[in-house]
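Okay, here's what each chain looks like letter by letter:
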Amino acid sequence: MDFGRLLTAMVTPFDENGAIDKPALEPLVEHLISTGTEGLVVAGTTGESPTLKSEEKLFLFKRVKEIAGSRAFVIAGTGTNDTAYSADLTEKAAMLGVDGFMAVTPYYNKPSQEGMYYHFETIAKASNLPLMIYNIPGRCIVNLQADTLLHLSKIPNITSVKEASGDLEQISYVIEESQDHFYVYSGDDSMTLPIMAVGGHGVVSVAAHVIGSEMNEMIKSFIKGNTETASAAHRKLLPQMKACFIAPNPSPVKAMLEQLGFVSKYTRSPILPLNAAEIKQLEQWFSLA
């Protein structure tokens, strides 16, 4: 299953009372699709999944798919550090019309490689839809090792991985040894071009909320063989990609989206909205003032 080259880990809009801002969902989805997003990851880390209740996640999966229709893939973030809960949520989400799932490596528990294999295998069995694994040792402490991932890639509906380990050697090994139908996505905006240069397929992006068109053009240039153009674009966009993480994600990108008129800057605690000084700094980087 090819979800496309540019995927966006979509923010969850909240109002000042902390409730999901339902009217903001449609303009946000339309904005992302119009700027090149081919797939929307809903209720992932950028969507503040740890603060979302099950019913909120299921609402988001259904509503975003209703808005996107066939114009973009909707990938439901159903992974947690609880295998049984993750499988149950995956099964429920499959009935809502989503196109696939993303499951993060189990955090806090610090499972073994065998434990992680069992975790993802169980989630994959909950539905026939494609499953993307998300490897992010910086948040989850554990690293899904290359050989474990390659073993998992033999399960028919485990079709891709979002790699945020930053380990190009491990990523290159997975790309070299995996089957052609298994796709490796960058989990870091700034690593998009380096990972594609060693055979990666695309990116699951945060910065695409604001610079989606530019990232789309960079990716297209690389695919067409215009590597100098793509490299120049990468260098130009790098400061803006980095600016999206001057504070805990998704506070910076939500602040920028507020400046653009799509969602409010509100987050759910313990993530806090940016203060006025931080917003002014972002405005300078993105020329939003």
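Computed from a predicted structure; not experimentally measured.

**Describing the packing of aromatic side chains**
- Evaluation of the coordinates by the stated rule reveals 1 aromatic pair.
- An angle of 70 degrees between the planes, with centres 5.6 Å apart, marks the rings of Phe3 and Phe73 as edge-to-face. Separated by 70 residues along the polypeptide, Phe3 in the segment before strand 1 (6-9) and Phe73 in strand 3 (residues 73-77) bring together distant segments of the chain.
- The ring of Phe59 has Lys22 sitting right over it, with the charged end atom 4.6 Å from the ring centre.

**Quick word on the UniProt feature "site: Part of a proton relay during catalysis" (unreviewed entry) in the protein**
- Residues given the UniProt feature "site: Part of a proton relay during catalysis" (unreviewed entry) here are Thr45 and Tyr108.
- Take Thr45: it is sitting in the loop between strand 2 (39-42) and helix 2 (54-68).
- Those residues within four positions of Thr45 in sequence are excluded, and the remaining contacts are Tyr134 and Arg139.
- Under the relative-accessibility criterion, Tyr108 is labelled exposed at 75%.

**Some words on helix 7 (residues 168-177)**
- Burial in helix 7 covers these residues: Gln170, Ile171, Val174 and Ile175. Buried residues of helix 7, seen end-on, are gathered within an arc of 135 degrees and therefore sit on one face of the element. Among the exposed residues of helix 7, those pointing more than 90 degrees away from its buried face are Glu169 and Glu176.
- Buried-residue contacts for helix 7 involve strand 5 (131-135), helix 6 (146-152), strand 6 (158-163), strand 7 (183-186) and helix 8 (192-197).
- Two or three places before Glu169, at the opening of helix 7, Asp167 has a side-chain oxygen 3.1 Å from that residue's backbone nitrogen.

**Comments concerning the side chain of Thr192**
- In this structure, Thr192 sits in helix 8.
- The class of Thr192 is buried, set by a relative accessible area of 1%.
- Leaving out residues up to four positions away in the same chain, Thr192 has contacts with Ser186, Val203, Met215, Met218 and Ile219.

**A few points about the sheet that holds strand 2**
- Spatial strand order, 1-2-3-4-5-6-7-8: 8 strands in a closed barrel with parallel pairing. On average, each strand axis in the sheet is inclined to that of its neighbour by 25 degrees, with strand direction left out of account.
- Summarising the sheet, strand 4 (residues 100-104) and strand 5 pair through 4 bridges and their orientation is parallel. Bridge pairing links Val104 to Tyr134 in strand 5.

Rules behind the numbers
- Residues numbered from 1 in each chain as written.
- Predicted model: local features only at pLDDT ≥ 70, side-chain atom pairs only at ≥ 80, totals over all residues.
- Heavy atoms only, no water.
- Phe/Tyr/Trp six-rings, centres within 6.5 Å; stacked < 30°, edge-to-face > 60°.
- Helix = DSSP H or I, 4+ residues; strand = E, 2+ residues; numbered from the N terminus.
- Lys NZ or Arg CZ within 6 Å of the ring centre and 35° of its normal.
- UniProt positions renumbered as here; feature names shortened; annotations may be inferred.
- Contact = heavy atoms within 4.5 Å.
- Buried < 20%, exposed > 50% of the residue type's maximum accessible area, 1.4 Å probe, protein only.
- Arc of directions from axis to C-beta.
- Polar contact = N/O pair within 3.5 Å; in protein donor to acceptor, adjacent residues only side chain to side chain.
- Pairing = 2+ DSSP bridges.
- Axes fitted to C-alpha atoms, helices over the stretch in contact; angles between N-to-C directions.

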